[in-house]
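Structure at a glance
These are the residues of each chain, in order.
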Amino acid sequence: MKKTTLILGFSTCFLLWALLRFPEAMLAASAESVQLWLTKVFPSLFPFIAACSLLLHIGAAERMGAILRPLMQPLFRLPGIAAFPFFLGILSGYPMGAKITAMLYEKKLLTLEEAQHILVFSNNPGPLFLIGTIGVGFFHMPILGYLLLFSSFFGAVVTGILWRFRRKNAFFSPRTSPASVSEFSVTEALSASVSDAVNTILLIGGYLILFGAISEAMEQANLFSLLSCLLFFLPLAPETLRGFCSGILEMTNGAYLLSLSPDGLRLRLALVAFLVSFGGLSILGQTFGVLARLPISKKSYIKGKALNGLFSCLFFYFLYPFFEQNAQKAVPVFSFFTETALTLSFLWLLPSLLFLGTLCCALILKRKR
């Protein structure tokens, strides 16, 4: 505890010094973070958080859990309701998986041990960020965004399967009876959902602005360059080391810097796959913020996300040769009628088709039983 307090105190003093030493740059960084939150994060996450909260209030998670129990129990040794944060977390991105898990725990639909297990593989980057921001915006090749999405998905699945062996009751079947569904009126459910969404989105915005300022402070103080110099023994260009060190703090900026470095594309994107699956300290702060009422082990969560990042990195590195030929082709970003764009559209449907197919199989099994 004393070590944590010392680090926090030093970081606070460093931020205050940077605010006084580089006021113009720090103000610009904070304003940029506010704009990012208002124009990108708020419009995309707020409706999703409110909708997920509403589904929980009307009992949709329990019903979905009963249907998907044949899938979640054999793979992860978890109750079927764990599918709710897993699939919605993948579709919406950080930190929705953690938020939904916290909601389920507060409603006593998950035990603490189950929630800890779910968190390490359900809190993931969203497809819009991977395909739009990184694939199109940073690397100008949409297919690489899809490959990052698949790598992140498979890395999360493998992490979830392996993590069950850390649980004390890993080889025992989880409980199968869902908790009773609470009944809410329409107005009560809507009010509670909107209120919860507002509180969550404000918390996310606060962390986004804070870590944007910290990242700019480190940039102005040349700390990222110093960190890359300390890792001179690695066979990587200084720009790549700097981008990776920056990504450990804030993944978006790190991915952008890696897109500009001179090293091989396969290596740079493998590092990006690790960063987006791990999340960086900024995403960790947002995640721990929405998990404030859930007494999880933060060290265990960080270890799980690091393992998730490692698997995603390996998946991308070994799958890249199969996509390399298409990646080298020039694909018009706003054209959806070319052969390559149609292929990308099909690839984008694969996770949804997989989910719907699994749902249908689970329904058939349930009816037979």
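Source: prediction; values computed, not measured. (Residues numbered from 1 in each chain as written. Predicted model: local features only at pLDDT ≥ 70, side-chain atom pairs only at ≥ 80, totals over all residues. Heavy atoms only, no water.)

As for the overall build of the protein chain
Let me state the cut-off plainly: Starting at the N terminus, helices and strands are each numbered in turn, a helix being any DSSP run of H or I of at least four residues and a strand any DSSP run of E of at least two. Each residue is assigned to one of three classes by its accessible area relative to the maximum for its type, calculated with a 1.4 Å probe on protein chains only: buried under 20%, partly exposed between the two thresholds, exposed over 50%. Contacts are residue-level and defined by heavy atoms, with any inter-residue pair within 4.5 Å sufficient. The accessible surface values rely on the Shrake-Rupley method and a 1.4 Å probe; as for residues, cover is taken only from the protein chains in view.
Assigned secondary structure in the protein chain consists of 16 helices and zero strands. Within the protein chain, the fraction of its 369 residues that count as buried is 49%. Look at the contacts in the protein chain between residues 6 or more apart in sequence, and 78% of them connect residues 24 or more apart. Of the accessible surface of the protein chain, which amounts to about 18600 Å², a share of 69% is contributed by carbon and sulfur atoms.

Structural notes on unusual backbone geometry
Along the chain, Tyr94 connects to Pro95 via a cis peptide bond; the corresponding omega equals -15 degrees. Structurally, the position occupied by Pro95 is in the loop between α4 (83-92) and α5 (96-106). A positive phi angle is found at Arg77, which is not glycine, with a value near 55 degrees. Position of Arg77 among the secondary structure elements: in the loop between α3 (60-76) and α4. By relative accessible area, Arg77 is classed as partly exposed at 23%. Phi is positive for His140, close to 60 degrees, though the residue is something other than glycine.

Considerations on the nonpolar core
What counts is decided by this rule: Buried Ala, Val, Leu, Ile, Met, Phe, Trp, Tyr and Cys residues that are joined via side-chain atoms within 4.5 Å together make up what is termed a nonpolar core.
Ile134, Phe139, Leu144, Leu148, Val272, Leu291 and Phe316 are the most contacted members of the largest nonpolar core, which has 44 residues in total. Listing elements by their share of this core, those giving two or more residues are α5, α6 (112-122), α7 (127-138), α8 (142-163), α12 (251-260), α13 (265-278), α14 (280-290) and α15 (298-327). Ranked by the residues each element gives to this core, the list is headed by α13, at ten residues. If we skip the residues at most four places from it in the chain, Ile134 touches Phe129, Phe139, Leu148, Ala255, Val272 and Val276.

Looking at the pattern of salt bridges
Under the convention used in this document: Within this document, salt bridges are pairs made up of a side-chain nitrogen of Lys or Arg and a carboxyl oxygen of Asp or Glu, the two lying within 4 Å of each other.
With the rule as written, the count across this model stands at two salt bridges. The shortest N-O distance in the salt bridge between Arg242 and Glu219 comes to 2.0 Å. You can see Arg242 sitting in helix α11 (residues 238-249) and its partner Glu219 sitting in helix α9 (residues 186-220), a full 23 residues away along the chain. For Glu219, a relative accessible area of 24% gives the class partly exposed.

As for the side chain of Asn123
Quick note on the threshold: Two N or O atoms form a polar contact when they lie within 3.5 Å of each other; inside protein one atom must be a possible hydrogen donor and the other a possible acceptor, and for residues adjacent in sequence the pair counts only when both atoms belong to side chains.
On the secondary structure map, Asn123 appears in the loop between α6 and α7. Within polar-contact distance, the side chain of Asn123 engages the backbone nitrogen of Ala98 at 3.3 Å. Excluding its chain neighbours within four sequence positions, the residues that come into contact with Asn123 are Tyr94, Pro95, Met96, Gly97, Ala98, Thr287, Tyr301 and Lys305.

Topic: the packing of aromatic side chains
Stated formally: We call Phe, Tyr and Trp rings a pair once their centres come within 6.5 Å, taking the six-membered ring for Trp, and we label the pair stacked below 30 degrees between planes, edge-to-face above 60, and tilted otherwise. Any Lys NZ or Arg CZ that is within 6 Å of a ring centre and within 35 degrees of that ring's normal is treated as a charge sitting over the ring.
Evaluation of the coordinates by the stated rule reveals 18 aromatic pairs. An angle of 15 degrees between the planes, with centres 5.4 Å apart, marks the rings of Phe42 and Phe46 as stacked. Here Phe42 and its partner Phe46 are both found in helix α2 (residues 23-57), four residues apart, which amounts to about one turn of the helix. Classification of Phe42 by relative accessible area gives partly exposed; the value is 30%. Judged by centre distance (5.4 Å) and plane angle (70 degrees), the ring pair of Phe153 and Phe154 falls under edge-to-face. For Phe153, a relative accessible area of 16% gives the class buried. Grouping aromatic residues by their ring pairs yields a cluster made of Phe76, Phe86, Phe87, Phe121, Phe153, Phe154 and Phe315. The lysine or arginine in question, Arg166, covers the ring of Trp163, its NZ or CZ lying 4.3 Å from the ring centre. Geometry around Phe288 places Lys298 over its ring, the cationic atom sitting 5.4 Å from the centre.

Some details on the packing of α9 against α14
How we decide: Axis lines are fitted to C-alpha atoms, over the contacting stretch for helices. Their N-to-C directions set the angle, which ranges from 0 to 180 degrees. Note that the term roughly parallel is reserved for angles under 35 degrees, roughly antiparallel for angles over 145, roughly perpendicular for angles of 65 to 115, and oblique for everything else. Handedness of a crossing follows from how the near helix is turned relative to the far one, being left-handed for an anticlockwise turn of less than a right angle and right-handed for a clockwise one.
Remark: α9 packs on α14, axes separated minimally by 9 Å, with the N-to-C direction vectors making an angle of 150 degrees. Between α9 and α14, the angle is such that the two are roughly antiparallel. As for the relative orientation of α9 and α14, their crossing is right-handed in sense. Between α9 and α14, the residues in contact are Thr200, Leu203, Ile204, Tyr207, Leu208 and Phe211 and Leu281, Ser282, Gly285, Gln286, Gly289 and Val290, respectively.

Overview of α3
Which entries qualify depends on this criterion: In this scheme, a helix's expected span is set at 1.5 Å multiplied by one less than its residue total. What is called the bend at a residue is the angle between a pair of axes, fitted to the seven residues leading up to and ending at it and to the seven starting from it.
Counted at 1.5 Å a residue, the expected span for α3 with its 17 residues is 24 Å, but the 21 Å between its end C-alpha atoms falls short. Along its length, α3 reaches its greatest deviation from straightness, about 70 degrees, at Leu68, and the proline Pro70 lies no more than four positions downstream. Those residues of α3 lying buried are Ala61, Glu62, Met64, Gly65, Ala66, Leu68, Arg69, Met72, Gln73 and Phe76. Of the residues trailing α3, Arg77 is marked for its positive phi of about 55 degrees.

A word on the environment of Gly135
Inspection of the secondary structure puts Gly135 in helix α7. For Gly135, a relative accessible area of 1% corresponds to the buried category. Spatially, the C-alpha atom of Gly135 lies 4.0 Å from that of Gly145, the residues being ten residues apart in sequence. Contacts of Gly135, omitting those with residues within four sequence positions, involve Leu130, His140, Met141, Pro142 and Gly145.

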